[in-house]
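Below are the chains, spelled out letter by letter.
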Amino acid sequence: MDPRPVTVFAHRGASGYRPEHTIEAYRLAIEMGADVIEPDLVSTRDGVLVARHENEISGTTDVADHPELADRRTTKVVDGVSVTGWFTEDLTLAELRTLHTRERLPSVRPGNTLYDGLYPVPTFDEILDLARIEAVRRGRVIAVAPETKHPSHFASLGLDLTPPLLASLERVGWTGADAPVAVQSFESGNLRELRRLVDVPLVQLTSASAAYARMLTPAGLREVSTYATWLGPEKSQVLPRDAANGIGAPSSLVADAHAAGLKVVVYTVRAEPQFLPSNVDVHGELAALVAAGVDGVFADQPDLAIVSVERARTEDRRLTLRARRPRDLRVG
Ligand code: G3P
Ligand code: CA
């Protein structure tokens, strides 16, 4: 089977169908055919990397229902934002394992609440092992794209995410440039450090905020290409929304990134209407991203992304065949 023309990253697993960042969400994404599964990583008090989008876990676990952990509720400033709740860095892995996961968006994804209370918070090592076992079982590559969350915050607590990340990658022998892994971060300091320590592909995430404006200039992108393989912009940076929240012509970002030698993976395609542009459905959005030249998409519904990407491949073949026909049908 040819590699897909656009790589499908299952965003937090198949998170449109199962509570995000659970082994079951990742397993379903693999069953659906995702090329890559994505865990966001935070640290426990004893330095174990676990998969959560935030280090504050009251929105995605039943921690508030555990009276024995009531005294851990606190308020702290994380990356400049005041947050109140329970934090992974205040719980040991053993304590975290007494909790059960919940759907983050119950009003958007009520079907996923059927799985509330069933699954534990997985460790990064367990996710790596799932990918390795399923890759052997299915005879295909299943890559993992961990994102370090709040690396500066954790480093300030003496819980630097880089050493345990490297230890986990070394444990499975995924340290080379061809390892099925791509480490992502919105911060560049930890990516530059990783570049010095390991050869795996890196993803520089960006957002539409002004903080990334200089990074997205041609000179900034060339600089990013000295340590990263991929640029990971917000999808609106590639397909800007108009006043009516519709999409139209793409920005120059994909071409600019390609000119700097970077591949582009955009986040995040979600099928529910509130996340979509006003003028297309999810397949329309995916088709527009593929047409804009992206190399990868993060998707909460990886099955839908695969359908659209494969449809684009079929269209390409059809157009290629049509273009070839006059030469192929030479007469005389
Ligand atoms: O890592 C890609 C995308 O997931 C970045 O945003 O907030 O969903 O982790 P977030
Ligand atoms: Ca992420």
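Criteria and thresholds
Note on numbering: residues in each chain are counted from 1, in written sequence order. Whichever chain is written first is A, and whichever ligand is written first is 1; the rest continue in order. In view of the model being predicted, local features appear only for residues whose pLDDT reaches at least 70, and side-chain atom pairs are presented and counted only at 80 or more, with totals across whole chains, interfaces and linings using the full set of residues. Side-chain figures throughout are based on the complete set of non-hydrogen atoms in the structure, without hydrogens or water. Proximity criterion: a residue is near a molecule or strand once any of its heavy atoms comes within 4 Å of it. Any pair of nitrogen or oxygen atoms within 3.5 Å is treated as a polar contact; in protein, a donor-acceptor pairing is required on top of that, and neighbouring residues in sequence qualify only through side-chain atoms on both sides. To be clear on the numbers: accessible area is Shrake-Rupley with a 1.4 Å probe, and residue cover counts the displayed protein chains and nothing else. Three residue categories are used. Nonpolar comprises Ala, Val, Leu, Ile, Met, Phe, Trp, Tyr, Cys and Pro, charged comprises Asp, Glu, Lys and Arg, and polar comprises the others, including Gly. Fitting a line to C-alpha atoms yields each axis, with helices limited to the stretch in contact; the angle taken between N-to-C directions then spans 0 to 180 degrees. Put simply, DSSP marks the helices as runs of H or I at least four residues long and the strands as runs of E at least two long, and each gets a number from the N terminus on. In what follows, roughly perpendicular refers to angles from 65 to 115 degrees, roughly parallel to angles under 35, roughly antiparallel to angles over 145, and oblique to any angle outside these ranges. Left-handed describes a crossing whose near helix is turned anticlockwise from the far helix by less than a right angle; the clockwise case is right-handed. Between two residues, a contact is recorded if the distance between any of their heavy atoms is within 4.5 Å. Only protein chains enter the calculation, and the probe is 1.4 Å; a residue is then buried if its accessible area is under 20% of its type maximum, exposed if over 50%, and partly exposed in between. Any two strands between which DSSP finds at least two bridges are classified as paired. Classification remark: right-handed applies to a crossover when, strands pointing away from the viewer, the course from the first strand over the helix to the second runs clockwise. Metal sites are built from N, O and S donor atoms within 2.8 Å, or 3.2 Å for Na, K and Ca, and they leave out water, so they may look incomplete. In these descriptions, tetrahedral denotes four donors with every angle between 85 and 135 degrees, square planar four donors and octahedral six donors with opposite donors over 155 degrees apart and the rest between 65 and 115, and irregular any other case. Only centres within 6.5 Å qualify two rings of Phe, Tyr or Trp (six-membered ring in Trp) as a pair; their planes then separate them into stacked at under 30 degrees, edge-to-face at over 60, and tilted for everything else. Sitting over a ring, as applied to charges here, requires NZ of Lys or CZ of Arg to be within 6 Å of the ring centre and within 35 degrees of the ring normal.

K.L.:
Would you explain the site of ligand 1 in this entry?
P.N.:
Every residue near ligand 1 is listed here: His-11, Arg-12, Glu-38, Asp-40, His-53, Glu-147, Lys-149, Gln-184, Phe-186, Leu-205, Tyr-267 and Phe-298. Between ligand 1 and the protein, one listed contact pairs an oxygen atom with a side-chain N or O atom of Glu-38 at 3.0 Å. Coverage of ligand 1 by the protein chains reaches 90% of its 280 Å² of free accessible surface. When grouped by side-chain class, the residues that make up the shell around ligand 1 number 4 nonpolar, 3 polar and 5 charged.

K.L.:
Got a minute to help me understand the packing of helix α1 (residues 23-32) against helix α3 (residues 124-138) in this structure?
P.N.:
Between two packed helices, both the angle of their axes relative to each other and the distance between the axes serve to describe the pair. With their axes 11 Å apart at the nearest point, α1 and α3 run at an angle of 25° to one another. In terms of their interaxial angle, α1 and α3 are classed as roughly parallel. The element α1 and its partner α3 pack so that their crossing is right-handed. For the pair α1 and α3, contact is made by Ile-23, Tyr-26, Arg-27, Ile-30 and Glu-31 and by Glu-126, Ile-127, Leu-130, Glu-134 and Arg-138, respectively. The class makeup of the residues in the contact of α1 with α3 is 5 nonpolar, no polar and 5 charged.

K.L.:
Would you mind going over the pairing of strand β13 (residues 296-299) with me for this structure?
P.N.:
One face of the sheet, then the other: side chains in a regular strand alternate in exactly this way. Going residue by residue along β13, you find Gly-296 and Phe-298 tucked away on one face and Val-297 and Ala-299 tucked away on the opposite face as well. Of the pairings in the sheet, the one linking strand β1 (residues 7-11) to β13 comprises 4 bridges and is parallel in character. Bridge pairing links Ala-10 to Ala-299 in β13. As defined by bridge partners, strand β12 (residues 263-269) adjoins β13 across 3 bridges and the pair is classed as parallel. Bridged to Val-269 within β13 is Ala-299. The parallel pair β12 and β13 is bridged by helix α10 (residues 282-291), and the resulting crossover is right-handed.

K.L.:
Explain helix α5 (residues 162-171) here, please?
P.N.:
The α-helix winds at 3.6 residues per turn, so residues separated by three or four positions along the chain end up facing the same way. Considered for burial, the residues of α5 that qualify are Thr-162, Pro-164, Leu-165, Leu-166, Ser-168 and Leu-169. After α5 finishes, the residue Gly-173 shows a positive phi value of roughly 75°.

K.L.:
What exactly am I supposed to notice about the coordination of the calcium ion (ligand 2) here?
P.N.:
For a metal bound by four donors in a tetrahedral arrangement, the ideal donor-metal-donor angle is 109.5 degrees, while six donors in an octahedral arrangement ideally sit at 90 or 180 degrees. Taken together, the protein ligands of the calcium ion (ligand 2) are Glu-38 (OE), Asp-40 (OD) and Glu-147 (OE), with distances of 2.1 to 2.3 Å. Around the calcium ion (ligand 2) sit 6 donor atoms, and with donor-metal-donor angles ranging over 62 to 165° the site reads as irregular. All donor residues of the calcium ion (ligand 2) come from one chain, and their arrangement in sequence is E-x1-D-x106-E. With Glu-38 in strand β2 (residues 36-38) and Glu-147 in strand β8 (residues 147-148), the pair connects residues that are 109 residues apart, well separated along the chain. The same class applies to Glu-38 and to Glu-147, which are both buried.

K.L.:
Mind showing me how you'd approach unusual backbone geometry here?
P.N.:
Outside of glycine, negative phi angles account for most residues, and trans bonds account for most peptide bonds. Of note, the bond from Tyr-267 into Thr-268 is cis; its omega dihedral lies within 30 degrees of zero at -15°. Positionally, Thr-268 belongs in strand β12. Even without being a glycine, His-21 presents a positive backbone phi close to 55°. Mapped onto the fold, His-21 is located in the loop between β1 and α1. Under the relative-accessibility criterion, His-21 is labelled buried at 0%. Phi is positive for Asp-79, which is not a glycine, with a value near 50°. Mapped onto the elements of the fold, Asp-79 is located in the loop between β5 (74-78) and β6 (81-85). By relative accessible area, Asp-79 is classed as partly exposed at 45%.

K.L.:
When you look at the packing of aromatic side chains in this model, what are you seeing that I'm missing?
P.N.:
Geometrically, a pair of aromatic rings is defined through the distance of the ring centres and the angle of the planes. Scanning the entire structure with this criterion turns up 5 aromatic pairs. Residues Phe-186 and Tyr-212 carry aromatic rings whose centres are separated by 6.5 Å and whose planes lie at 55° to one another, so their mutual orientation is tilted. Taken as a pair, Phe-186 in the loop between β9 (183-185) and α6 (189-197) and Tyr-212 in the loop between β10 (202-205) and α7 (218-224) lie far apart in primary sequence, 26 residues in all. Its relative accessible area of 28% is what places Phe-186 among the partly exposed residues. Between Phe-186 and Tyr-267, the ring centres sit 5.9 Å apart and the planes meet at 85°, which makes this aromatic pair edge-to-face. Taken together, the residues span a long stretch of sequence, with Phe-186 in the loop between β9 and α6 and Tyr-267 in strand β12 at a distance of 81 residues. The rings of Phe-9, Trp-230 and Phe-298 are connected pair by pair, giving a single aromatic cluster. Looking at Lys-76, its charged tip hangs above the ring of Phe-87, at a distance of 4.5 Å from the centre.

From the geometry alone we can't say anything about function, so treat these as descriptive.
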